[in-house]
Amino acid sequence: EKHLSVFLNDTYYQLAQRHAEVPRLTDVQIEALDAFKSLLASDELRLDFWLEPGDVQLVNNHTIVHTRSGYTDHEETERKRHLLRLWLAPPAPH
């Protein structure tokens, strides 16, 4: 079964361009990336939500494009955020 898998970190593409051996992005590729980023910034396609204490968020980095907003933690030790990240790798299909 075929599916689309996306990883977008603009910095990687831009920084790679400084190396002579890396092919230059074409105008069409730059236009496609700009169009994709425009869609990602669309209010119609974006979902904003807050994680509350006890919430769990499962995200498949290959099927959803996501980002995080800034966070300022509390000064008091007992109020500081305790956020854990777990990376799972499912077995490859046979």
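Predicted model, so just to flag it, every value in this text is computed and none were measured. Every chain begins its residue count from 1, and numbering advances along the sequence as written. For this predicted model, a pLDDT threshold of at least 70 governs which residues receive local features, and a threshold of 80 or more governs which side-chain atom pairs are given and counted, while totals over whole chains, interfaces and linings are taken from all residues. Only heavy atoms go into the side-chain values, all of them from the structure, while hydrogens and water stay out.

### A word on the overall build of the protein chain
Helix and strand counts for the protein chain come out as two helices and zero strands. The C-alpha atoms of the protein chain give a radius of gyration of 18 Å, which is well past the 12 Å a tight globule of 94 residues would have. Taken along the three principal axes of its C-alpha coordinates, the protein chain extends 50 × 40 × 30 Å. A simple rule labels every residue: compare its accessible area, found with a 1.4 Å probe on the protein chains alone, to the largest value its type can have, and call it buried under 20%, exposed over 50%, or partly exposed in between. Looking at the protein chain as a whole, 1% of its 94 residues are labelled buried. Whether two residues are in contact is decided by their heavy atoms, any of which lying within 4.5 Å being enough. Restricting to contacts in the protein chain with at least 6 residues of sequence separation, those with at least 24 account for 42%. Think of it this way: Lys and Arg go in the positive column, Asp and Glu in the negative one, and His and the chain ends go nowhere. Where a charge lies is defined by one atom per residue type, namely NZ (Lys), CZ (Arg), CG (Asp) and CD (Glu). Within the protein chain, the 15 negative side-chain charges are centred at a point lying 6 Å from the centre of the 10 positive side-chain charges. The way it works is that DSSP assigns letters per residue, a run of H or I at least four long becomes a helix, a run of E at least two long becomes a strand, and they are numbered from the N terminus. Radius of gyration: C-alpha atoms only; globule rule: 2.2 Å multiplied by the number of residues to the exponent 0.38.

### Comments concerning the packing of aromatic side chains
Each Phe, Tyr or Trp ring, with Trp reduced to its six-membered ring, pairs with another whose centre is within 6.5 Å; inter-plane angles below 30 degrees give stacked pairs, above 60 give edge-to-face pairs, and intermediate values give tilted ones. Taken as a whole and judged by the stated rule, the model has zero aromatic pairs. Residue placement shows Arg81 over the ring face of Tyr71; its charged tip is 3.8 Å from the ring centre. Charge-over-ring contacts are defined here by two conditions on Lys NZ or Arg CZ: a distance within 6 Å of the ring centre and an angle within 35 degrees of the ring normal.

### Thoughts on the pattern of salt bridges
Salt bridge, as applied in this entry: a Lys or Arg side-chain nitrogen positioned within 4 Å of an Asp or Glu carboxyl oxygen. In this structure the tally under the stated criterion is five salt bridges. The closest approach of N and O atoms between Lys37 and Asp10, which form a salt bridge, is 2.6 Å. Here Lys37 is found in helix H2 (residues 27-40), whereas its partner Asp10 is found in helix H1 (residues 10-16), with 27 residues between them in sequence. Residue class for Lys37 comes out partly exposed when judged on its relative accessible area of 29%. Of the charged contacts in the structure, one is a salt bridge between Asp48 and Arg46, with a shortest N-O distance of 3.0 Å. Taking the relative accessible area as the measure of exposure, Asp48 reaches 55% and is therefore exposed. Several salt bridges share partner residues, and in doing so they unite Asp10, Asp34 and Lys37 into one network.

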